[in-house]
Number of protein chains: 4
Amino acid sequence: MSNTEHEAADRHLHRLVLFSDAVFAIAITLLAIEIHPPEHWHGVADLFGQMGHKLWAYAVSFAVIGVYWISHRRIFARLRGANGVLDVLNLVVLGLVALLPLTTELLWEHASGEATLVYVGLVAAIGVAMSVVWGYAAFAGELAGRVHRGEALFTLARTAVAPGLMCGLILFSLNHIWGLIPLALAIAAFVAGGRFMRRRAAARIDDAEEAAA
Amino acid sequence: MSNTEHEAADRHLHRLVLFSDAVFAIAITLLAIEIHPPEHWHGVADLFGQMGHKLWAYAVSFAVIGVYWISHRRIFARLRGANGVLDVLNLVVLGLVALLPLTTELLWEHASGEATLVYVGLVAAIGVAMSVVWGYAAFAGELAGRVHRGEALFTLARTAVAPGLMCGLILFSLNHIWGLIPLALAIAAFVAGGRFMRRRAAARIDDAEEAAA
Amino acid sequence: MSNTEHEAADRHLHRLVLFSDAVFAIAITLLAIEIHPPEHWHGVADLFGQMGHKLWAYAVSFAVIGVYWISHRRIFARLRGANGVLDVLNLVVLGLVALLPLTTELLWEHASGEATLVYVGLVAAIGVAMSVVWGYAAFAGELAGRVHRGEALFTLARTAVAPGLMCGLILFSLNHIWGLIPLALAIAAFVAGGRFMRRRAAARIDDAEEAAA
Amino acid sequence: MSNTEHEAADRHLHRLVLFSDAVFAIAITLLAIEIHPPEHWHGVADLFGQMGHKLWAYAVSFAVIGVYWISHRRIFARLRGANGVLDVLNLVVLGLVALLPLTTELLWEHASGEATLVYVGLVAAIGVAMSVVWGYAAFAGELAGRVHRGEALFTLARTAVAPGLMCGLILFSLNHIWGLIPLALAIAAFVAGGRFMRRRAAARIDDAEEAAA
């Protein structure tokens with residue numbers, strides 16, 4: 001790529017991030033907009049009693065969007081440019097994120113198993129869409145600079161599976177306390193796997209540099 | 001232009017893009033805000049049955065705004081600066097984009113031919129407004145650097161016509177399956193025309209550079 | 001100022017602009033959010049007949065915020081830095097701009113002389129707040145680089161008076177056609193005055209440079 | 001840190017600021033969205049009479065978010081980078097800020113002592129969350145460059161305590177005029193303490209530079 005093309009790719013990436021950040025920020029702030037104080041309440045305890053389930057759903061969804069924003073930030077921090085395919089794949093992620101306020105409403109209005117299923121389904125779908133973004137950038141689109149194949153595949157799998165699994169296990173643990181055990185195991189596996197993979201990737205790149213020297 | 005003027009024009013352009021991105025992001029996220037879960041529903045299938053037409057309209061409008069954001073990004077990536085006229089023309093585009101959430105509501109509440117007409121009319125109007133932005137930047141305002149006349153005219157025509165035509169044909173195909181034929185032909189024509197024009201533009205610029213050398 | 005201080009002032013200014021742009025963009029996009037399609041309508045003409053006054057109020061307010069965004073952009077393009085006082089004065093402008101969606105609702109629901117009065121009053125108040133921003137930056141805060149005193153004072157007066165006056169005259173002209181005469185005169189005066197002042201400012205700076213040479 | 005790591009930390013910080021600004025901007029603009037004009041009103045005085053308490057609550061909350069935005073800007077202007085912990089701590093701040101529109105509604109609908117308590121409680125909680133961000137950045141995360149220990153601790157305490165205290169005293173003063181006395185004393189103490197600490201910090205850094213020379 002020439003210098004001008006580099007600059008254009010960088011500008012493209014910058015604008016894509018700008019746009020994504022705005023959508024994430026709006027979705028996360030709109031979570032609270034459908035929550036209204038109750039008509040009648042007596043004392044602070046009663047207020048929280050009446051609003052507790054809504055505030056709880058708000059906190060869960062805020063955490064979900066927050067985690068996805070961090071995930072999005074990490075993926076895009078590794079990219080060197082953007083193209084039209086990335087635009088479209090990223091739009092799919094944003095289109096699903098923008099549905100979270102609506103699905104949060106579902107969660108607090110109908111605290112049923114099926115509402116939870118729809119909610120976890122959406123969270124899982126965002127994870128899959130995000131992993132498609134990363135998979136395209138790392139493998140097909142060559143937008144991510146030098147990448148260690150194993151580490152990139154692990155990131156792909158973790159991005160696709162972790163959010164839905166974690167969110168499902170957390171909501172499951174509310175009713176079945178032993179759900180915390182697989183939750184703890186899953187977190188440990190993702191953290192340990194991530195460290196192992198980063199170390200392997202660093203070693204491989206060192207090898208490559210030594211070989212080149 | 002002096003260096004300071006270059007920098008000022010660049011800052012102007014940057015701020016215009018920033019503002020436009022925010023409006024696009026808000027419009028695209030607000031699409032979902034008027035969608036609420038139904039009062040009563042039994043099972044996931046029933047939920048999607050009741051909400052299907054809204055989610056469908058949401059997906060269509062999300063795609064429309066997404067396509068226009070990509071189109072806006074492409075046009076502005078070719079600009080070298082901005083001025084007051086571009087500010088105003090761009091505001092017209094944004095003012096029409098901000099009406100899409102309202103028109104989407106129309107689409108799902110009154111799934112009539114006339115609601116579709118209003119919707120496609122707005123989509124077409126945004127396309128025309130966007131092509132005016134490009135036409136001004138490329139021809140009158142001299143904001144787009146060196147431009148190949150034929151390629152710029154083709155871009156102008158495609159920006160003006162394609163979104164309304166495509167959107168109309170897609171919605172038409174929902175009821176009349178043979179509408180997919182002109183849709184496929186239109187897409188093929190736009191893609192082939194775009195490639196041909198880019199090649200001609202590249203050749204002409206090479207010629208100019210040879211002549212200059 | 002040292003280099004680091006220059007950079008810090010520049011970052012401060014950049015973030016202030018970022019924040020302001022987001023508020024402008026949200027206010028302008030929210031204008032349409034309280035507009036909903038009517039329950040019953042027969043044909044496109046009837047739809048526009050029922051929604052006409054809302055769309056009209058939307059267009060007016062979109063133009064008002066658009067004009068103020070352009071005005072804000074122009075003022076901030078002349079600044080070299082920002083400080084805490086500018087933060088606060090700018091917040092006052094944004095706080096008034098964020099009230100425009102609410103006041104637009106007033107305009108379409110109660111198309112009375114008094115609703116118009118409140119609306120024009122808010123528009124005028126934003127103009128005054130904006131001129132305070134400019135006045136502080138140019139005279140007290142020394143944030144605007146080298147400034148020609150007469151030109152800066154003219155900009156101050158125009159920023160304070162023009163938007164309210166123009167908006168009032170436009171809404172007045174809807175009922176009293178001869179209101180277009182003072183409107184045309186006012187526009188001519190502002191444009192001619194602006195040109196004259198810019199020419200004088202350029203001449204004075206040339207003189208200063210000659211004297212310095 | 002290598003050059004690339006510096007650049008990556010800078011980009012991370014930039015994106016965190018971008019996202020935070022968008023959330024602040026949306027929260028501050030949404031404050032007005034639940035305010036609607038009354039159904040019936042006779043004259044401007046009556047309109048303001050009916051809407052006065054809402055506009056007053058709007059102004060208070062706008063000032064609160066404005067003050068926190070300024071506080072956020074100041075803290076982040078001192079940072080040299082960002083990391084995952086800062087992301088999470090910052091998200092907590094934003095999650096509380098996004099609850100302000102809802103709590104403002106509470107304030108105007110139930111102008112009781114307990115509604116005020118909840119409101120002041122949220123304002124105080126944001127202050128504490130913000131001071132955790134600063135405390136982490138300055139002490140644990142080493143994200144703030146060279147910092148004078150005393151000055152950083154004073155900033156920590158002021159960020160945690162000032163907003164809740166001031167907001168409480170202002171709302172208290174509405175009913176008990178003598179509340180203005182502790183308010184004035186608190187402001188004087190914060191301003192004087194801030195100046196003293198900045199002077200001490202500057203002196204200590206000069207000493208360090210002399211010792212190094």
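Remember, it's a predicted structure, so these values are computed and weren't measured experimentally.

K.L.:
What's the story with the overall build of chain A in this structure? I'm lost.
P.N.:
Within chain A one finds seven helices and zero strands. Order of helices (α) and strands (β) in chain A, N terminus to C terminus: α-α-α-α-α-α-α. By principal-axis analysis of the C-alpha atoms, chain A measures approximately 75 × 40 × 30 Å. Sorting the 213 residues of chain A into buried and exposed places 52% on the buried side. Averaging the locations of the 15 positively and 17 negatively charged side chains of chain A gives two centres separated by 10 Å.

K.L.:
What is the right way to look at the UniProt feature "transmembrane region" (unreviewed entry) in chain A in this model?
P.N.:
All names here are of chain A. The UniProt entry lists residues 16-35, 55-72, 84-104, 116-140, 152-171 and 177-197 under the feature "transmembrane region" (unreviewed entry), expressed in the numbering used here. Across residues 16-35 one finds 75% helix and 0% strand; the C-alpha atoms that close the span lie 31 Å apart. Strand forms 0% of residues 177-197 and helix 86%; the C-alpha atoms that close the span are 31 Å apart.

K.L.:
Just to check I follow, could you spell out the arrangement of the chains for this structure?
P.N.:
One finds no contact linking chain A with chain C; the least C-alpha distance across the pair is 9 Å. For chain B and chain D, which are not in contact, the least C-alpha distance works out to 9 Å.

K.L.:
Looking at this structure, I do not really get the packing of aromatic side chains. What am I missing?
P.N.:
Aromatic ring pairs are reported here in terms of the distance separating the ring centres and the angle at which the planes meet. Residues and elements named next belong to chain D. This model, assessed by the stated rule, comprises twelve aromatic pairs over all chains. Between Phe 172 and Trp 178, the ring centres sit 5.4 Å apart and the planes meet at 75°, which makes this aromatic pair edge-to-face. The class for Phe 172 is partly exposed, based on a relative accessible area of 33%.

K.L.:
Where do I start with the pattern of salt bridges in this structure?
P.N.:
Here the idea is simple: oppositely charged side chains can pair when their charged atoms come close. This model, assessed by the stated rule, comprises 16 salt bridges over all chains. Notably, a salt bridge pairs A:Asp10 with D:Arg11, separated by 3.0 Å at the nearest N-O pair. Taken together, the residues A:Asp10 in helix 1 (residues 3-30) and D:Arg11 in helix 1 (residues 3-30) connect one chain to another. Looking at D:Arg11, the relative accessible area reads 44%, which means it is partly exposed. For C:Asp21, the salt bridge goes to B:Arg15, with nearest N and O atoms at 2.9 Å. Remark: B:Arg15 occurs in helix 1 (residues 3-30) and C:Asp21 occurs in helix 1 (residues 3-30); the pair is interchain, linking two chains. Note on accessibility: C:Asp21 and B:Arg15 belong to one class, buried.

K.L.:
Would you mind showing me how to read a positive patch on the surface here?
P.N.:
Taken together, the side chains of A:Arg74, A:Arg195, A:Arg198 and A:Arg199 present a region of like positive charge at the surface. With three residues, helix 7 (residues 180-212) of chain A is the single largest residue contributor to the positive patch.

K.L.:
Please clarify how the interface of chain D and chain A should be interpreted in this entry.
P.N.:
Note: interface size is frequently given as the accessible area lost on complex formation between the parts. The partner chain A presents 34 residues to the 31 residues of chain D that form the contact. Across the chain D-chain A interface, the total number found is three salt bridges. Of all the secondary-structure elements, those providing two or more residues to the side of chain D that touches chain A are helix 1, helix 3 (84-97), helix 4 (100-109) and helix 5 (113-140) of chain D. It is helix 1 of chain D that contributes the most residues to the side of chain D that touches chain A, twelve residues altogether.

K.L.:
Can you help me understand the interface of chain B and chain A in this one?
P.N.:
Each partner contributes to the interface: chain B provides 33 residues, whereas chain A provides 31 residues. Both faces considered, chain B and chain A share a buried interface measuring about 2,700 Å² in area, 73% of it formed by carbon and sulfur atoms. In terms of surface lost to chain A, no three residues of chain B exceed B:Thr29, B:Trp69 and B:Arg73, which account for 21% of the buried area on that side. In this assembly, chain B and chain A are joined by three salt bridges. Where chain B touches chain A, the interface holds eight residue pairs in polar contact (both at pLDDT 80 or more). For the side of chain B that touches chain A, the secondary-structure elements that each account for two or more residues are helix 1 and helix 2 (43-77) of chain B. Among the elements that make up the side of chain B that touches chain A, the one with the highest residue count is helix 2 of chain B (13 residues).

K.L.:
In this structure, what is going on with helix 2 of chain B? I would like to understand it.
P.N.:
The end-to-end C-alpha distance of helix 2 of chain B is 47 Å, a good match for the 51 Å that 35 residues give at a rise of 1.5 Å each. In helix 2 of chain B, a bend of some 60° at B:Met51 exceeds every other bend along the element.

K.L.:
Even after reading the chapter, I still don't get the packing of helix 4 (residues 100-109) of chain A against helix 5 (residues 113-140) of chain A, so can you show me in this structure?
P.N.:
Angle between the axes and distance between the axes are the two parameters that describe a pair of packed helices. Residue and element names in this part refer to chain A. For the pair helix 4 and helix 5, interaxial distance at closest approach is 8 Å and the crossing angle is 155°. For the element pair helix 4 / helix 5, the angle class is roughly antiparallel. Relative to helix 5, the crossing made by helix 4 is left-handed. Contacts from Leu 100, Thr 103, Thr 104, Leu 106 and Leu 107 in helix 4 reach Ala 115, Thr 116, Val 118, Tyr 119, Leu 122, Val 123 and Ile 126 in helix 5. By residue class, the composition of the contact of helix 4 with helix 5 is nine nonpolar, three polar and no charged.

K.L.:
Would you mind going over the nonpolar core with me for this structure?
P.N.:
The tendency in soluble globular proteins is for nonpolar side chains to be buried side by side. Among the nonpolar cores identified, the biggest contains 254 residues, and A:Leu86, B:Leu86, C:Leu86 and D:Leu86 are the most heavily contacted of them. Not counting residues within four places of it along the chain, the set of residues in contact with A:Leu86 comprises A:Leu16, A:Phe76, A:Leu79, A:Gly81, A:Val133, A:Tyr136, A:Ala137 and A:Leu143.

K.L.:
What is the right way to read the relation of the copies chain D and chain A from this model?
P.N.:
Related by rotation about an axis and a shift along that axis, the two copies of the chain form a pair. Relative to chain A, chain D is turned by 90° and slid 0.0 Å along the rotation axis, the superposed coordinates differing by an RMSD of 0.0 Å. The transformation just described matches what one would write down for a four-fold rotation axis. Considering only C-alpha atoms, the residue of chain D closest to the rotation axis is D:Ala22, which sits at 4.4 Å. By residue overlap, the copies meet through two different surfaces: only 16% of the interface positions of chain D are interface positions in chain A.

K.L.:
Looking at this model, I keep getting lost on the relation of the copies chain B and chain A. Mind explaining?
P.N.:
Superposition of chain B onto chain A requires a rotation of 90° combined with a translation of 0.0 Å along the rotation axis, giving an RMSD of 0.0 Å. A distinct binding surface is used by each copy, with only 15% of the interface residues of chain B retained as interface residues in chain A.

How each quantity is defined
Residues numbered from 1 in each chain as written. Chains lettered and ligands numbered in written order. Predicted model: local features only at pLDDT ≥ 70, side-chain atom pairs only at ≥ 80, totals over all residues. Heavy atoms only, no water. Helix = DSSP H or I, 4+ residues; strand = E, 2+ residues; numbered from the N terminus. Buried < 20%, exposed > 50% of the residue type's maximum accessible area, 1.4 Å probe, protein only. Lys, Arg positive; Asp, Glu negative; His and termini not counted. Charge placed at Lys NZ, Arg CZ, Asp CG, Glu CD. UniProt positions renumbered as here; feature names shortened; annotations may be inferred. Contact = heavy atoms within 4.5 Å. Phe/Tyr/Trp six-rings, centres within 6.5 Å; stacked < 30°, edge-to-face > 60°. Salt bridge = Lys/Arg side-chain N within 4 Å of Asp/Glu carboxyl O. Patch = residues over 30% accessible without salt bridge, like charges linked within 9 Å, V, L, I, M, F, W, Y side chains within 5 Å. Areas by Shrake-Rupley, 256 points an atom, 1.4 Å probe, with all protein chains shown as cover. Buried area = accessible area lost by both parts, 1.4 Å probe. Polar contact = N/O pair within 3.5 Å; in protein donor to acceptor, adjacent residues only side chain to side chain. Expected span 1.5 Å × (residues − 1). Bend = angle between axes of the 7 residues up to and from the residue. Axes fitted to C-alpha atoms, helices over the stretch in contact; angles between N-to-C directions. Parallel < 35°, antiparallel > 145°, perpendicular 65-115°, else oblique. Left-handed = near helix turned anticlockwise from the far one by under 90°. Nonpolar A, V, L, I, M, F, W, Y, C, P; charged D, E, K, R; others polar. Core = buried A, V, L, I, M, F, W, Y, C linked by side-chain atoms within 4.5 Å. Least-squares fit on C-alpha atoms with pLDDT ≥ 70 in both.

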